[in-house]
Structure formats: structure tokens, C-alpha cells
Amino acid sequence: MTQSPREFGSGPLSRGSAFIYTLMVTEAMLVLASLPGLVPMSFVVAAGANAGLVGLCAIPFGPALSAAIYALWHRSSDLTDLHPMRQFWRGYRLNLRDVLPVWLVGLVWLFMVVVTLGNFWAAGVPAWWAVILALVGVIAVLWLANALIITSLFSFRTVDAMRLAWELIPRRPLVTIGNLGVMLAAGVLGALVNELVVGLLASTFLMALLATSRPLIEFVAEEYTTG
């Protein structure tokens, strides 16, 4: 029996090229959509007193990250059918209204943690409170990661998306551990090299986040969606 000829764009080299191309285009669109926040943030000194300004500058990052998650999840492995730019802006348009309130809640949560830690010693509270605050910050980031995934790929009411993101932290522990590992890797890279490098590899980290969150995505699709 003779095998049917393989179609162009279906081989491993083509799939690898499609993957890299999608990452590169998505990264470029992510940076472009984040410019309204990146430009003013470059003029803000990274200090505790400026945490509010940094938070304001970070507002455009949420919709941009959501659009990138959407584009990466809906990417095609066919080299002849690649539209990452179109997918990015489609995700941006579809998710803007849903992701923005969730992102703002996450920023406020993290803002309170950062400001409290920045003025920790002046408050004169016991040292072990710093550990609790750091733990709250980690939980906030994990919750925000789940919320971004959910609001980027599904359509829920804001309050339902936020509640589900919280509930799935303990209900999907392997996903939580995997997401924490991705974020730790990004944090370590930023601390050892430069935050700019993390930004330039944002699409790669988001792809890793999607990989670790796949069981969560499948669970939400099976349990909370129809059709």
C-alpha cells in the first residue's frame, strides 16, 4: 500500500516554523498593545512611593496579555494557514470588556501588598507578617493567572470568572504548581538578567502557562460550557 503524499505545511519542520512564527508575531503585537503603558512606565522610578503610578501604567498590559493568550491558544500548526496577528486583535476586541475589570482587581490586590511590604518596617508590625503578605501576593498572582486564562478563552460574567479563578487554585493543584513554576522562572530570569528579557520572552512564558493550564481549560470547557 502506498502512502498518500504529505501535504505542504504538515511536516515537523513546517510545524516548528509555524510555532516560532506565531510566537514572534504574537510577541510583537503584545509589545505594540502594551506601549501605552510601557512608554510612561519607562519614566517612572521603581520605588515603593511610585507603586500607584506603576499600577496605572500596567493597566494596558491586561488586555494585551489576554489577546496574546487567545492568539496562542487558537494558533494553527499549518504553515499555510497562519494568522497570528488577526487572532491577536480579534482576541483583544473580544476580551477587552471581560478582562479589564478582572485585571484591575488583580492590580489593586497586588498594589496593596506591594505598598504594605514597602512600608513594612515603618509600621512596626511583627516580622512574620512579611511572610503572610508575601504569601498573599503569590496567591494574588496565581488567581490572576487563572482569571486571565478563563476570561481570555471563555465568556463568563465577571463575578463568575473571578470566583471560578479562585476556586480552581486548590481544585487543580498540579495546574497551580505548574503556573507557579512558570512565574518563578520568569521572576528568576528577570532578577538574574533583566526585566526587559522577560518582556521580550513574554509570549514564550504565556505559551508555557497555557501548557500547564491545559487541564484547567479542559475542565472549564467540560463542566461550565455547553455545545
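The rules behind these values
Residues numbered from 1 in each chain as written. Predicted model: local features only at pLDDT ≥ 70, side-chain atom pairs only at ≥ 80, totals over all residues. Heavy atoms only, no water. Helix = DSSP H or I, 4+ residues; strand = E, 2+ residues; numbered from the N terminus. Buried < 20%, exposed > 50% of the residue type's maximum accessible area, 1.4 Å probe, protein only. Contact = heavy atoms within 4.5 Å. Areas by Shrake-Rupley, 256 points an atom, 1.4 Å probe, with all protein chains shown as cover. Phe/Tyr/Trp six-rings, centres within 6.5 Å; stacked < 30°, edge-to-face > 60°. Lys NZ or Arg CZ within 6 Å of the ring centre and 35° of its normal. Salt bridge = Lys/Arg side-chain N within 4 Å of Asp/Glu carboxyl O.

### Looking at the overall build of the chain
Here's step 1: For the chain, the helix and strand inventory stands at 11 helices and zero strands.
Here's step 2: Residues counted as buried form 38% of the 227 residues belonging to the chain.
Here's step 3: In the chain, once contacts between residues fewer than 6 apart in sequence are set aside, the share between residues at least 24 apart is 75%.
Here's step 4: Accessible surface, the chain: about 13,000 Å² in total, of which carbon and sulfur atoms supply 70%.

### Regarding the packing of aromatic side chains
Here's step 1: A full pass over the atoms with the stated rule returns five aromatic pairs.
Here's step 2: For the pair Trp89 and Tyr92, a centre-to-centre distance of 5.6 Å together with 55° between the ring planes defines the contact as tilted. Residue Trp89 and its partner Tyr92 are located together in helix H4 (residues 84-118), separated by three residues, close to a single helical turn.
Here's step 3: Looking at Trp89, the relative accessible area reads 31%, which means it is partly exposed.
Here's step 4: Tyr92 gets classed as partly exposed once you look at its relative accessible area, which sits at 22%.
Here's step 5: Here the aromatic cluster, defined as three or more aromatic residues joined through ring pairs, consists of Phe88, Trp89 and Tyr92.
Here's step 6: Seen from the ring of Phe219, Arg172 lies directly overhead, with NZ or CZ sitting 4.0 Å from the centre.

### A closer look at the pattern of salt bridges
Here's step 1: Counting across every chain of the model gives four salt bridges.
Here's step 2: Across the salt bridge formed by Asp160 and Arg157, the nearest N and O atoms sit 2.9 Å from each other.
Here's step 3: For Arg157, a relative accessible area of 57% puts it in the exposed group.
Here's step 4: Its salt-bridge partner being Glu167, residue Arg163 comes within 3.1 Å of it at the nearest N-O pair. Separated by four residues within a single helix, Arg163 and Glu167 lie in helix H7 (residues 158-171), roughly one turn from each other.

Read these as spatial facts, not as claims about activity.
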